[in-house]
Amino acid sequence: MATLSIPLQQRAFSFRRISTKHKQDSQFPAQIRCSWDDSKYVENLSPFKEIKNVACGILAVWAVTAVSPVIAANQRLPPLSTDPSRCERAFVGNTIGQANGVYDKPLDLRFCDYTNDKSNLKGKSLTAALMSEAKFDGADMTEVVMSKAYAVGASFKGTDFTNAVLDRVNFGKANLKGAVFKNTVLSGSTFEEAQLQDVDFEDTIIGYIDLQKLCVNKTINEDSRVNLGCR
């Protein structure tokens, strides 16, 4: 999370979003400016200091989220990479993006097969990876970081995601039967039309709104619903 340091001076406060005009198929970073206006000195503003700081904090979080290259529902995926070693790149991972999914080159794992891989994926950073139609059945993906990954239609049958960070992952139409999400971060992830039979959600970390959306999935069995706290 980005943080902004703001001098505790008793001066008038202003913030604004500086927007840029978007061109088709292009992404431009939004800018946030939190400033103290030197021309508007105001005394006795102490009741508003905390409000100012909170406002800037919210804008900073929004800025980090907005500029990250997450795949939106109405965006086309890039062409399939022609790199002959693109599947092996998962064993190295995305080394610069971390939780915000920033990358210099897309991590294209589409249609790759990692079935029963027990050593090469554990603990890797696969942020913003393109995983649609890939197979990870039975793989050890403990402690993996998959923030903002696009895993629509992928297969994770029996995959172990214990202690993994899977925030804002699109698992739409994925097969997750028997997957393990013990102590896994699932904040912001979506599971529309995913297969979730016999999934282990013990100690899963998930927000209330995300939980409500997840509990709508009718494939989740009774034991899993108890672990999640679905009503």
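It should be emphasised that the depicted structure is a prediction, and the values quoted were computed from it without experimental measurement.

Some words on the packing of aromatic side chains
Thought 1: Enumeration according to the criterion identifies ten aromatic pairs in this entry.
Thought 2: An angle of 20 degrees between the planes, with centres 5.0 Å apart, marks the rings of tyrosine 114 and phenylalanine 136 as stacked. Placement of tyrosine 114 in the loop between α1 (49–66) and α2 (208–215) and of phenylalanine 136 in the loop between α1 and α2 is noted, with a sequence separation of 22 residues between them. The two residues tyrosine 114 and phenylalanine 136 agree in class, both being buried.
Thought 3: Taking 5.6 Å as the distance between ring centres and 20 degrees as the angle between the ring planes, the aromatic pair formed by phenylalanine 181 and phenylalanine 201 counts as stacked. Of this pair, phenylalanine 181 sits in the loop between α1 and α2 while phenylalanine 201 sits in the loop between α1 and α2, and the two are 20 residues apart along the sequence. Grouping residues by exposure puts phenylalanine 181 and phenylalanine 201 together as buried.

Quick word on the pattern of salt bridges
Thought 1: Applying the stated criterion across every chain, the model contains four salt bridges.
Thought 2: In this structure, the salt-bridge partner of aspartate 108 is arginine 86, at a minimum N-O distance of 3.8 Å. With aspartate 108 in the loop between α1 and α2 and arginine 86 in the loop between α1 and α2, this residue pair connects regions lying 22 residues apart in the sequence.
Thought 3: In this structure, the salt-bridge partner of arginine 110 is aspartate 108, at a minimum N-O distance of 2.7 Å. Across the pair, aspartate 108 and arginine 110 agree in class, each one buried.
Thought 4: Each of Arg86, Asp108 and Arg110 takes part in a single network of salt bridges with overlapping partners.

Looking at the state of the cysteines
Such a bond, covalent and formed between the sulfur atoms of two cysteines, is termed a disulfide.
Thought 1: Within the structure shown, the criterion is met by two disulfides.
Thought 2: Two residues, cysteine 87 and cysteine 112, share a disulfide whose sulfurs are 1.9 Å apart. Handedness of the cysteine 87-cysteine 112 disulfide follows from its S-S torsion of about -85 degrees: it is left-handed. Taken together, the positions of cysteine 87 in the loop between α1 and α2 and cysteine 112 in the loop between α1 and α2 put the pair 25 residues apart, joining distant regions of the chain.
Thought 3: Residue cysteine 87 is classed as partly exposed on the basis of its relative accessible area, which comes to 22%.
Thought 4: Linked covalently through their sulfurs, cysteine 215 and cysteine 230 form a disulfide whose S-S length is 1.9 Å. Disulfide cysteine 215-cysteine 230: torsion about the S-S bond near -80 degrees, hence left-handed. Taken together, the residues cysteine 215 in helix α2 and cysteine 230 in the segment after α3 (222–228) connect sequence positions 15 residues apart.

Notes on α2
Thought 1: Taken residue by residue, α2 has Asp210, Leu211, Leu214 and Cys215 as its buried positions. Within α2, the buried residues cover an arc of 130 degrees as seen down the axis, which keeps them to one side.
Thought 2: On its buried face, α2 sits against α3.

A look at the confidence of the model for the protein chain
Thought 1: For the protein chain, the mean per-residue pLDDT works out to 76, and 63% of the residues sit at or above 70.
Thought 2: Across the protein chain, the element-wise mean pLDDT spans from 36 in strand β1 (residues 11–18) up to 95 in α2.
Thought 3: When the criterion is pLDDT under 50, residues 1–70 qualifies, and its contacts beyond four places in sequence or with other chains add up to 78 contacts.

The rules behind these values
- Residues numbered from 1 in each chain as written.
- Predicted model: local features only at pLDDT ≥ 70, side-chain atom pairs only at ≥ 80, totals over all residues.
- Heavy atoms only, no water.
- Phe/Tyr/Trp six-rings, centres within 6.5 Å; stacked < 30°, edge-to-face > 60°.
- Helix = DSSP H or I, 4+ residues; strand = E, 2+ residues; numbered from the N terminus.
- Buried < 20%, exposed > 50% of the residue type's maximum accessible area, 1.4 Å probe, protein only.
- Salt bridge = Lys/Arg side-chain N within 4 Å of Asp/Glu carboxyl O.
- Disulfide = S-S within 2.5 Å.
- Arc of directions from axis to C-beta.
- Contact = heavy atoms within 4.5 Å.
- pLDDT = per-residue confidence, 0-100.

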